[in-house]
Each structure stands twice: as C-alpha cells, then as structure tokens.
Amino acid sequence: MAALNVFDANVRVGHSGIHGQLALEAGELLEEINHFGIEQVLVSHFTAEEYDAEEGNRALARDIEKSPDRFIPAWGALPDKAFLERLARRKPAAVRFSFGLKKHNLSYAPLYSGPLYEYLEEHSILAVIAREDIEWDGLAQLLQNFPRVSFLLLETGYRAERYLGPLLKSFPRFYFDSSTLLAHRQLESFVEQFGYERIVFGSRSPLYTPGAALAVLATARISDDAKRAIAGGTLRRLLRTASSET
Amino acid sequence: MKSPVPIADCHGHFGVLPDFPAHKGSAGEMLQVMDLLNIELLAITSTLACYNDCPRGNAEIAEVLKRHPHRFLGYITVNPNPLGEALRELERWSAFHRPPLIKFHPDLHSYPVHGPNYDPVWDYANQTGAVVLVHTWDSDPNCGPLLLAPVASRFPKARIILGHSGVSWRGYEQAFEAARLAPNLFLDISGSQSHRTILERAVEQVGADRILFGSDLPFLEAAVSLGRVLSARIRDDEKEKILRFNFLELLGTEKRVRR
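Here goes a summary of the coordinates provided.

Rules and cut-offs
- Residues numbered from 1 in each chain as written.
- Chains lettered and ligands numbered in written order.
- Predicted model: local features only at pLDDT ≥ 70, side-chain atom pairs only at ≥ 80, totals over all residues.
- Helix = DSSP H or I, 4+ residues; strand = E, 2+ residues; numbered from the N terminus.
- Rg over C-alpha atoms; globule rule 2.2 N^0.38 Å.
- Buried ≥ 20, exposed ≤ 12 C-beta atoms within 10 Å, placed from the backbone.
- Contact = placed C-beta atoms within 7 Å.
- Pairing = 2+ DSSP bridges.
- Axes fitted to C-alpha atoms, helices over the stretch in contact; angles between N-to-C directions.
- Parallel < 35°, antiparallel > 145°, perpendicular 65-115°, else oblique.
- Left-handed = near helix turned anticlockwise from the far one by under 90°.
- Nonpolar A, V, L, I, M, F, W, Y, C, P; charged D, E, K, R; others polar.
- Right-handed = clockwise from strand over helix to strand, strands pointing away.

### Regarding the overall build of chain B
Moving on, step 1. When helices and strands are tallied, chain B shows 11 helices and 9 strands.
Moving on, step 2. The C-alpha radius of gyration computed for chain B amounts to 17 Å, which stays within 12% of the reference 18 Å derived for 259 residues, consistent with globular compactness.
Moving on, step 3. Counting every position in chain B, which comprises 259 residues, the buried fraction comes to 56%.
Moving on, step 4. Considering only contacts in chain B between residues 6 or more positions apart, those separated by 24 or more positions represent 77%.

This is the structure:
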C-alpha cells in the first residue's frame, strides 16, 4: 500500500485503561504502521480521551516527538479559555473531541462551547469526532451551527448510510473515515453515489488490524484518483489548510 | 489483492437487510466479487430465513444453487419454532448438500441454542454428521459461544461452526474456551470487529486446523476477512488451511479437491 501513500485518520496511542493489551506505546505503534506500509497517522492519545485533555496532550506531545513526520497530532480540546490558550500554543491542525458526560462533559451547543468552535473556524482546524461520542441529531446541529468548520466523523458504523447521505448533501465540510465501511462493497458504492472527496482512510489502529481496512480500500473497484484521495490525499489537504492558517 | 489459494468460504448469505441498504447483492454481483478476491466456493444461508421465513428463504437458496451449482453451497436455515418445521425443512432440502449444511440464528429467532426445541435438529445433525453454522455473539443468552460447548459434547458427530466466533474480543475468548472443551467446534472469522492479534491468538489457542474463513458476504465486505488472514502474523500453511482446506475437509471434499 506504500504506493498509495496512506495517511491513516483514525489512530490512538498510549496507555489505555479500557483496551488493555491492545493499546500500543509510540514505538510499538510505529512498528505496527511500518508493518502495514502506512506512511502517516493522525493520532490522538488514549489519556486525553479516557482522562484529561491537557494531561493527554502533554503525553501526546512526548509521544510524537521522535516521529514528527509520521505522527500528526489530533489534540484533545475543551472550551475553557485557559485551555484554548494552551491549545493555541501547540499550533493545532486537528483536534479530537470527547463529548459525553463520562468523557469531557463537553457540549456541542454554541451556548456552552461557542468559543472553541469559533477558534476552530477562525484557524481552519479539523475537528475529529467519533460516532460513539455524538448522536446523529447532535452532529447535524453542530454542522448547522458551525458550517465553516471541517468535521471528520470517525467510525460511523456500517449501518449509517441513511444518515451519511443527507449529511454529505447538506454539509460540504463534513467528512468521514472508512474504518467502519465494512458492509459488502460499501466503500465503492459510496463513491459511486457521493464521490470520493469526503471519505478518508481510517483503520481504528491499534485496537483493530489495519489489514482489514487496507484490504477494503485495495479491493474497491474505484478509480486510482479516488483511491489516492481516500488513502491520504484528502486528509493531507485538510491539514495543510489548517497549517497555513494557524 | 486476492487470495493466493482459492477460498472456501463457510459463511455467506443471500438476501437484503432491514436496517441499511444492500449493495450489489445479486448472485451475479456476488460472483464478480468472489472472482475478484478468489473465493471459489461460498456456503450461503437465506437472510429472509434468518429474519423471518425459513420455508420461503430456503426456497430462494434452492434457486441460487440451481443457477450456480459450482460456486454456491446451500445451508438449510431452520427455526426451532414452530416445533416440527425445522425437520420438515431438513427433509425438504436434503439435496442441498451431503453431509447437510444447517444454519441456526438463535438471536434473530429469539430462542436459545441449547433450548429443547433445537434438540430434534441437533439429533438430526448428529446422525447425519451435518455441519451446523450457528450465529454466535459475545455472552448472548441465546447464542453466547460458551453455550455451544455442552451442546457439542452431547452431539459429538455434529460439526459445529461458531459463526463470527462471538464477534468481540471477549466473544473470541469465549469461543476459544468452548473450542477447548469440545473438539467438534470450529471458529468462523467473519465479523465486523477485526481486533489486532485476535487471529494470531486464535491459532495459538485452538490451532489453525479449526479456524475457517468466513466473509458474511454480501452482508459484510469479504475483503475484511481476507485482509485479516493475509496480514496476520501466522505461517503460510496456516493461512491456506484457514482460507480453504479446513472447510473443504468439513464438507468432505478436501481429499478430492486438494492437489
């Protein structure tokens, strides 16, 4: 898959209190992506997701230090003023939200979290959200409220087509990852229906083997342009936009 | 990417699904994908039968087998309720394959796999040496993998495939434990959760001889299972057994087909 120059949008690193032996430290994760020929990963930290965003961001900064060209950070994000100031110093290209009472107790409503989304909008920072952390109706509200923010939804689930189609049609800055396009010929059917421009490759590594998601992409009967864009071209473009404006 | 050996796939379907749109699920479209990935044989069960109506669903399978006898094998899908229907279906479609291929879906049929209404079918499977594919799910009260260990011991001549091997990491652990208790249990790798290292762990725990390639095609993407096997850190001969030879051996055709 090296020819596709794969940039994996859905990777986490570090110790996990939930996923035990499946979690990988940075060195192990690097070995894993090398094994599968993955060039770069957009990576967030389990500590940010399971515990505290700032603690997780510090751990992420340490973990990506040795491989800054391979590990591109998706920082934990909170709406608090002091947190946003610290986040800005990291010059983020992407952040990953952990909504939910048991995670960061973070709202997607402008009333509570407006400054965070305005910051993302102003600096064209990619906002990454896992489907398990937001309901479809909440996601639609978020996209409606902040139409200039690019949102990347991870792990949509393969039963999501009746939601994804309308979202893609209504929100041009809405993207999703391929990690759970696991139904029969779903990736190529999506490309046929909606185009390839808003699907980015994701593997759910290290909890799941990238071998599965890579095989889905490799065997999809879509154009080479579509494969390259999904494999990494689209994500690189999204992050370049952010870097140039941060 | 395609399989280096022609695949014998133990877990396929025919039909649509209620909760998301099916794509490219006609027999012709399935055959195109099978050719793309080098799946030579696919054993199919009727999705209609799994959800709702076994007699009509099995009749659909009969039509597919009539049109494509060399690429598809047919499971007779049975529901333990109403009592008596299952044995009638087994008799009616006995020409599908010998030994019989039987499919149970205790989750969708909402009846426990170890419940008494399944006993006549288990008895039939035991007498005929049938291959029984059972949908299993992590800790499920109707189809948790551990429920199958005592059933397999009671009916030792039935060859029982744990469909999806319980799906999750914990489900696989339950499947390993069940398989250690009963030598006539086999693991099917189809499913949506391709946990890192689980296939390697399955080989270590139960041996490559008892692991079968399943895709769940055209419900799930067959490339998922293929990618899992090809990228696993196991030996090539173990991959070949999983991809092809183990299921052929269950079907009774391994010696004839293997070169």
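From this point, the narrative continues.
### Observations regarding the sheet that holds strand β1 (residues 7-13) of chain A
Residue and element names in this part refer to chain A.
Moving on, step 1. The parallel open sheet is built from 3 strands, whose spatial order is β1-β2-β3. At either margin of the open sheet sits one strand with a lone partner, and together these are β1 and β3 (71-73). Across the sheet, the mean angle separating the axes of adjacent strands is 40 degrees when strand polarity is ignored.

### Structural notes on helix α9 (residues 222-231) of chain B
Moving on, step 1. Among the 10 residues that make up α9(B), 9 are buried, leaving the element largely enclosed by the rest of the structure.
Moving on, step 2. Buried residues in α9(B) make contact with α9 (210-219) of chain A together with α1 (27-37), β2 (39-46), α8 (198-206) and α10 (236-251) of chain B.

### A word on the packing of α9(A) against α9(B)
Moving on, step 1. Where α9(A) contacts α9(B), the axes come no closer than 7 Å and their chain directions differ by 120 degrees. Judged on the interaxial angle alone, α9(B) and α9(A) are oblique. Our pair here, α9(A) against α9(B), has a crossing hand that is right-handed. From α9(A), Gly211(A), Ala212(A), Leu214(A), Ala215(A), Val216(A) and Thr219(A) reach across to α9(B), where they touch Ala223(B), Val224(B), Leu226(B), Gly227(B), Arg228(B), Leu230(B) and Ser231(B).
Moving on, step 2. Considering only residue class, the contact of α9(A) with α9(B) consists of 8 nonpolar, 4 polar and 1 charged.

### So, the interface of chain A and chain B
Moving on, step 1. Residue-level contacts link 23 residues of chain A with 26 residues of chain B.
Moving on, step 2. Contributions of two or more residues to the side of chain A that touches chain B are made by α7 (161-170), α8 (186-194) and α9 of chain A.
Moving on, step 3. Looking at the side of chain A that touches chain B residue by residue, the class counts come to 13 nonpolar, 6 polar and 4 charged.

### Observations concerning the sheet that holds strand β9 (residues 199-200) of chain A
Residues and elements named next belong to chain A.
Moving on, step 1. A sheet is described by the order of its strands in space; here 6 strands give the open sequence β4-β5-β6-β7-β8-β9, paired in parallel fashion. Each edge of the sheet is formed by a strand with only one pairing partner; in this case those strands are β4 (75-76) and β9.
Moving on, step 2. Pairing geometry for strand β8 (residues 174-177) and β9, over 2 bridges, is parallel. When the bridges of β9 are listed, Asp-177 appears paired with Val-200.

### As for unusual backbone geometry
Moving on, step 1. In this chain, Asn81(B) is followed by Pro82(B) through a cis amide linkage whose omega measures -5 degrees.
Moving on, step 2. Here the amide bond leading from Arg98(B) into Pro99(B) is cis, since omega sits at 0 degrees, within 30 degrees of zero.
Moving on, step 3. Here Pro99(B) lies in the loop between α4 (85-92) and β5 (101-104).
Moving on, step 4. Look at Asn5(A): it is not a glycine, yet its phi comes out positive at around 55 degrees.
Moving on, step 5. As for its position among the elements, Asn5(A) is in the segment before β1.
Moving on, step 6. Residue Asn5(A) is classed as partly exposed on the basis of its 15 C-beta neighbours within 10 Å.
Moving on, step 7. Positive phi is not limited to glycine here, since Arg204(A) has a value of about 70 degrees.
Moving on, step 8. Given 24 C-beta atoms within 10 Å, Arg204(A) falls into the buried group.

### Things to note about the packing of helix α7 (residues 169-181) of chain B against α8(B)
All names here are of chain B.
Moving on, step 1. Look at α7 against α8: their axes get within 10 Å of each other, and the N-to-C directions meet at 15 degrees. Compared by their axis directions, α7 and α8 come out roughly parallel. Judged by the sense of rotation from one axis to the other, the crossing of α7 with α8 is right-handed. Every residue of α8 that contacts α7 at Trp-169, Tyr-172, Phe-176, Ala-179 and Arg-180 is listed here: Ile-198, Ala-202, Gln-205 and Val-206.
Moving on, step 2. Grouping the constituent residues of the contact of α7 with α8 by class yields 7 nonpolar, 1 polar and 1 charged.

### Focus on the pairing of β2(B)
Residue and element names in this part refer to chain B.
Moving on, step 1. Among the 8 residues in β2, 7 count as buried, and that is most of the element.
Moving on, step 2. Handedness of the β-α-β unit built from strand β1 (residues 7-14), α1 and β2 comes out right-handed.
Moving on, step 3. Pairing geometry for β2 and strand β3 (residues 72-74), over 3 bridges, is parallel. Bridging across to β3, Leu-42 finds its partner in Phe-72.

### Here we look at the environment of Ala22(B)
All names here are of chain B.
Moving on, step 1. Tracing the backbone through its elements, the reader meets Ala-22 in the loop between β1 and α1.
Moving on, step 2. The partly exposed category is assigned to Ala-22, around which 19 C-beta atoms lie within 10 Å.
Moving on, step 3. Between the C-alpha atoms of Ala-22 and Leu-83, which are 61 residues apart in sequence, the distance is 32 Å.
Moving on, step 4. When near neighbours in sequence (up to four residues on either side) are disregarded, Ala-22 contacts Val-16, Leu-17 and Pro-218.

### Topic: the pairing of strand β2 (residues 40-45) of chain A
Sheet faces and side chains relate simply in a regular strand, where the side chains alternate between the two faces.
Residues and elements named next belong to chain A.
Moving on, step 1. Counting buried residues in β2 gives 6 out of 6 residues, a clear majority hidden from the surface.
Moving on, step 2. The pairing of β1 with β2 spans 5 bridges and is classified as parallel. Among the inter-strand pairings, Val-11 is bridged to a residue of β2, identified as Val-43.
Moving on, step 3. Where β2 and β3 come together, 3 bridges link them in parallel fashion. Within β3, the residue paired with Leu-42 across the bridge is Ile-72.

None of the figures reported here should be taken as evidence of function without further support.
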